[in-house]
Amino acid sequence: MSLDNHSALIEQLKPLLMEPDFQELFESLTADESNSTRFLLKMELNRISALCTRVIDLRDKTELACEEVFIGNQRHFLDAPSKEALEEALPIYRNKYTLGVYEKVIKAHQKRKQLKQEGSTNEPSLNASPFMVPGIVLGSYFNRSEERMNYSIKIAVSQSGSAEVLGATLDLSVGGARIKLPLKHNFQPERPLRVKLLELNEEFYFEDLQQGVDYAIVDIQNKDDNAIFRLKRIGSSEELDKVIAQLINSYKFRYKVDVNDVIVNATGLGFERHYLPLQPHLPVYISIKEGKPHITHALLGRGNQPLLHFFQNEDDINQLPGMLTNNRIVHLLKSPDITEHQLMFCFTHIANEKVHFYSATLFELQQSEHLGLFLGFGSKKSSWRVYKLVSQKVDHKLNYKTSTLPGDDAQYSALTEQQLASFSHIIQVCDITNSSVNSQYQAWFNNQDVNQLKTFAQRKINVNSIKRISMPFTERRHESRFAFKTLVNIKQGNKIASGITHDISSRGLQVTLAEAFDFNSPASVSLSLPSLQAKAIQIDLSALPYQLIRTRSKGSILHLSALIGHSPHIGVEFLNKLINHNKAKLTKLSDKDGEQKELADGMKNLMMRELVSVPYFIEKQSKSFSLSAIGIGTKVDEISHLFSQDTDQIMQYNLTPLMADGVLKSQIIDPIKTMKAADDMRFFEVFIQITRHARGTINLNCKVATEISVVDQQSFIEQSQRLGRFMALRVYLGAADKPDMTYIRRELEYITIHANHKAKQLEEQLWKVIGIGEFLDITTEVKLRFPKLSTVQNNKNLAAS
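About the criteria used
- Residues numbered from 1 in each chain as written.
- Predicted model: local features only at pLDDT ≥ 70, side-chain atom pairs only at ≥ 80, totals over all residues.
- Heavy atoms only, no water.
- Axes fitted to C-alpha atoms, helices over the stretch in contact; angles between N-to-C directions.
- Helix = DSSP H or I, 4+ residues; strand = E, 2+ residues; numbered from the N terminus.
- Parallel < 35°, antiparallel > 145°, perpendicular 65-115°, else oblique.
- Contact = heavy atoms within 4.5 Å.
- Nonpolar A, V, L, I, M, F, W, Y, C, P; charged D, E, K, R; others polar.
- Salt bridge = Lys/Arg side-chain N within 4 Å of Asp/Glu carboxyl O.
- Buried < 20%, exposed > 50% of the residue type's maximum accessible area, 1.4 Å probe, protein only.
- Pairing = 2+ DSSP bridges.
- Phe/Tyr/Trp six-rings, centres within 6.5 Å; stacked < 30°, edge-to-face > 60°.
- Lys NZ or Arg CZ within 6 Å of the ring centre and 35° of its normal.
- Expected span 1.5 Å × (residues − 1).
- Left-handed = near helix turned anticlockwise from the far one by under 90°.
- Core = buried A, V, L, I, M, F, W, Y, C linked by side-chain atoms within 4.5 Å.

Help me out: how do you make sense of the packing of helix H23 (residues 745-754) against helix H24 (residues 756-768) in this one?
To describe two helices that pack against each other, one gives the angle between their axes and the distance between the axes. At a minimum axis distance of 5 Å, the contact between H23 and H24 shows a crossing angle of 140°. The angle between H23 and H24 places the two elements in the oblique class. When H23 is examined against H24, the residues Leu 748, Ile 751, Thr 752 and His 754 are found in contact with a partner set consisting of Asn 756, Lys 758, Ala 759, Leu 762 and Glu 763. Along the lines of polarity and charge, the residues of the contact of H23 with H24 split into 4 nonpolar, 3 polar and 2 charged.

How should the environment of Ser 628 be read in this particular structure?
Position of Ser 628 relative to the elements: it lies in strand E28 (residues 625-632). With 10 residues separating them in the primary sequence, Ser 628 and Ile 618 have C-alpha atoms 5.2 Å apart. Ignoring any residue separated from it by four or fewer positions in sequence, one finds Ser 628 in contact with Val 133, Pro 134, Phe 271, Phe 617, Ile 618 and Glu 619.

Explanation requested: the pattern of salt bridges in the structure shown.
Opposite charge on two side chains permits pairing when their charged atoms draw close. Taken as a whole and judged by the stated rule, the model has 21 salt bridges. Here Glu 63 makes a salt bridge to Arg 112, at a shortest N to O gap of 3.0 Å. Taken together, the positions of Glu 63 in the loop between helix H3 (35-48) and strand E1 (67-71) and Arg 112 in helix H5 (residues 99-116) put the pair 49 residues apart, joining distant regions of the chain. Classification of Glu 63 by relative accessible area gives partly exposed; the value is 46%. Here Glu 314 makes a salt bridge to Lys 460, at a shortest N to O gap of 3.2 Å. Of the two residues, Glu 314 is situated in the loop between helix H9 (305-309) and helix H10 (320-323) and Lys 460 in the loop between helix H16 (438-442) and strand E18 (467-470); the sequence distance between them amounts to 146 residues. By relative accessible area, which is 28% here, Glu 314 ends up partly exposed. Here the salt bridges do not stand alone but share partners, grouping Glu 44, Arg 47 and Glu 103 into one network.

It is not clear to me how the pairing of strand E24 (residues 544-552) should be interpreted in this structure. Could you clarify?
Across a regular strand the side chains alternate sides, sitting on one face of the sheet and then on the other. Pairing between strand E23 (residues 523-528) and E24: 5 bridges, direction antiparallel. Each bridged residue has a counterpart across the sheet, and for Ser 526 the counterpart in E24 is Pro 545. Note that E24 and strand E25 (residues 557-562) share 6 bridges and pair antiparallel. Bridge pairing in E25 places Arg 550 opposite His 559. Where E24 folds back on E25, the antiparallel hairpin that results is connected by 4 residues, among which Ser 553 adopts a positive phi of roughly 50°.

I would appreciate a short explanation of the environment of Ser 556 in the present structure.
By secondary structure assignment, the location of Ser 556 is in the loop between E24 and E25. Each residue touching Ser 556, except ones within four places of it in the same chain, is listed here: Val 511, Thr 512, Leu 513 and Ala 516.

It is not clear to me how the packing of aromatic side chains should be interpreted in this structure. Could you clarify?
To describe a pair of aromatic rings, you give the distance between the ring centres and the angle between the ring planes. All chains considered together, the criterion is met by 18 aromatic pairs. With 5.7 Å between their ring centres and 35° between their planes, Phe 311 and Tyr 387 make a pair best called tilted. Here Phe 311, found in the loop between H9 and H10, pairs with Tyr 387, found in strand E16 (residues 385-393); they are 76 residues apart in sequence, far enough to count as distant. Look at Tyr 387 and you get buried, because its relative accessible area is 0%. Ring geometry for Tyr 616 and Phe 775: centres 4.9 Å apart, planes at 20°, overall stacked. Pair noted here: Tyr 616 is in strand E27 (residues 614-620) and Phe 775 is in strand E33 (residues 769-777), with a separation of 159 residues, a long-range link. By way of ring pairs, the aromatic residues Phe 345, Phe 347, Tyr 358, Phe 374, Phe 377, Trp 384, Tyr 441 and Phe 456 are connected into one cluster. Positioned above the aromatic ring of Phe 77 is the side chain of Arg 59, whose terminal nitrogen or guanidinium carbon lies 3.7 Å from the ring centre.

Please clarify how H3 should be interpreted in this entry.
Since one α-helical turn is 3.6 residues long, residues separated by three or four positions face the same way. For H3, built from 14 residues, the straight-helix expectation of 20 Å at 1.5 Å per residue is met to within 8% by its first-to-last C-alpha distance of 20 Å. Burial runs high along H3: 10 of the 14 residues are buried. Residues of H3 that are buried include every one of Ser 36, Thr 37, Arg 38, Phe 39, Leu 40, Leu 41, Met 43, Glu 44, Leu 45 and Ile 48, and no others.

How should I be thinking about the sheet that holds strand E3 (residues 132-137) in this particular structure?
The strands making up a sheet are joined through hydrogen bonds of the backbone, oriented either antiparallel or parallel. With mixed pairing, 8 strands are arranged side by side in an open sheet as E29-E3-E28-E27-E33-E32-E30-E31. This sheet does not close on itself; its edge strands, each paired only once, are strand E29 (652-654) and strand E31 (698-704). Within this sheet the neighbouring strands show an average axis-to-axis angle of 30°, counted without direction. As judged from the 7 bridges shared by strand E30 (residues 682-692) and E31, these two strands associate in the antiparallel manner. Directly across from Gln 689, in E31, lies its bridge partner Asn 701. Against the sheet, H24 engages E3, E27 and E33, with an angle of about 70° to E33.

Mind showing me how you'd approach the packing of helix H2 (residues 22-29) against H3 here?
Here H2 crosses H3 at 140°, and the two axes come no closer than 11 Å. Taken together, the axes of H2 and H3 are oblique relative to one another. The two elements H2 and H3 cross, and the hand of that crossing is right-handed. The segment H2 lies against H3, with Phe 22, Gln 23, Phe 26 and Glu 27 engaging Arg 38, Leu 41, Lys 42 and Leu 45. The residue inventory of the contact of H2 with H3, partitioned by class, reads 4 nonpolar, 1 polar and 3 charged.

Honestly, helix H14 (residues 371-378) in this entry has me stumped. Any pointers?
For H14, the buried fraction is high: 7 of the 8 residues fall into the buried class. All of the buried residues along H14 are Leu 371, Gly 372, Leu 373, Phe 374, Leu 375, Gly 376 and Gly 378. Elements in contact with the buried residues of H14: strand E14 (343-351), strand E15 (354-361), helix H13 (362-368) and H16.

I would appreciate a short explanation of the nonpolar core in the present structure.
The nonpolar side chains of a soluble globular protein tend to be buried, and buried together. Among the nonpolar cores identified, the biggest contains 108 residues, and Phe 345, Phe 374, Tyr 441, Ile 490, Tyr 546 and Leu 560 are the most heavily contacted of them. Judged by nonpolar contacts, the second largest core, of 41 residues, contains Val 137, Ile 618, Leu 700 and Val 731.

What is the right way to look at the pairing of strand E21 (residues 495-504) in this model?
Sheet topology places strand E19 (residues 482-483) next to E21; 2 bridges connect them, and they run antiparallel. When the bridges of E21 are listed, Phe 482 appears paired with Ile 504. Two elements, strand E20 (residues 487-492) and E21, share 6 bridges in a ladder whose sense is antiparallel. Pairing of Asn 489 across the sheet is with Ser 498, part of E21. The antiparallel pairing of E20 with E21 creates a hairpin that spans 2 residues between the two strands, and Gly 493 there sits at a positive phi of about 65°. Pairing of E21 with strand E22 (residues 508-513) involves 5 bridges; the strand directions are antiparallel. What sits directly across from Ile 504, in E22, is Leu 509. The turn joining E21 and E22, which pair antiparallel and follow one another in sequence, is formed by 3 residues.

For this particular structure, what's the right way to read the sheet that holds E18?
Reading across from one edge, E15-E14-E16-E17-E12-E13-E18 is the order of the 7 strands in this open sheet, with mixed pairing throughout. With partners counted over all chains shown, the strands left at the sheet margins are E15 and E18, one partner each. When strand polarity is set aside, the average angle formed by the axes of neighbouring strands in this sheet is 30°. Of the strand pairs in this sheet, strand E12 (residues 282-289) and strand E13 (residues 292-300) are connected by 6 bridges, and their pairing is antiparallel.

Right under this line is the structure:
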């Protein structure tokens, strides 16, 4: 999604960035925006307010004379117009040189050059690059409790002392509105507006509506021949709230629901279902017991089961807790950014038909001075493994559940919520072993005494203590089901049948028909509850809209789900009250499998909040294959940020340095064509030299590791560290399975009702995906393959100390 239409709002927020009460101001000015838009706005504002280290040197880029300009310790060379742009931008950011200041100066310079050349440019457009891809937000599931309706009512707008101006609403909610007025309105943005809704019938005669409702102006954007105002209602009145809500519901035949948040959520969920089956990393969940951290659960998918299986010993007892000891976990949780605690080495030794595990962190090996011995000896073993550990703290202020539709229950069952609340941290174990470089590790060995490695022998674990939870790649269960029998009449076109409910939830029913019936599914039906009508005095329980999801037993058993439309669903509201008022009497169906799926879904949501890597997706067009998108987490990560440097748009990433020169085709697309969805992911490695030019631009020089010799690899690393910085990425790749549409079925149904074409677009987008992969940072491990590099670094550290 794009923020192109919110440029005016971004400009309005920029001067407030450094204010101490910015958060309150941001909440106020974006009150009428969707949660997804607010999230992207905040990402953009955080980006432009970050301190910048780029130097601007225009001496060979301008025909004008340049002068030295100092900002702190940085020296820039600017011509007069660029200096003027700099002086305009600095006060916005409290005279701090931020990325926003840099971009303001560069864009002003480019615009002046473009005007001078009468619109011609010698530089190719970045948008033309086949490696420019959008970012898709993963792990953040927005929920809007109040539906916003897009529809038009004629209005008269005025300010105190001014004449009324006629216009129309674009959308309306209880707390705000978006309206369209002529460009020449002469309204003052800092003063409130009074809006009268015209052409209302007598049903909505309400004095406040006739006199007008007061709104604060949040934002004004000019579009074509109109001014688009975003408004926030001033004051509170429960009676007015009810009238506006009733008004919105009455106009349902003239409006459509704003489904932007649901589309963002469904897109993220759909793409994550492509990625998760092949995810190679193992998330383990930490609970604090008696003041100490313990691994209690592990979340399994097809791609990470081999990692967990490695730790099974001869008695089929998992020894992973022997590697992730209390001391190591404490170090990792207290210092999550120290790479020495993140890197773990492991191998096994078999003696007397017993498997003995040896493991050590980089920190422990450096402290014991046995680094060379452990790496050199261990890498000779076929069982040699290298692991990267990444920890994240669980934020319990956020909901565990993906409540993506308006009105969704925001919580799982009490037992699942309690289990999820017990997790304090998640540690993702990433197997970054590369057997082809074992010979490089073996160069560390220098005939040391192998007996010294006994100190790294793991304590034997005698009981399986980790509860294994498998990710279900099927339909999400959202609610508990209760045994309940009542008469149901079902109608589909001219077909009418009767049956008895087997179980109910607030949003769904399972019905057994008196005799098998040939209903179409999946398709909509209307449902009546005649026996319950007597209890619903003021509610009509006939012709309720439901979706027939599937049939069983040759059409005699039906599974139905409430079809949520424009207005609140009468059946959902009634059944929800019925269940809540009679929970003591109703029998909750035993569904251990359902509770297990609930827990797995919640654990998945916690894991996806912070991505340890950057997923990417490959799609198949009619006659070609291309990059489709990359997955972006809720926190800025170093890898995606690196590839956002050459883009002007939010959530756009330029992977040209990484994928050009045939790398995408030869290293990713061609191998994926030969792979099946059941195959494990493969990988290759890329070395990146990151240098900053005098003009402030960042240059990325990427090399596929296998295409340069080991000697040249070391030279490349040394040169990178002299000129700037070195980074190494492991690039995973695998064949995607068909999309798991059942997982986002409810979201798609909701979008279909309100924006059918967008639902089809999303389905088509997900069906195009034929390959997935990810970028994982392995820089620290790669450097350890070269003993000389580590020896030089250790000597420097000793000299410094």
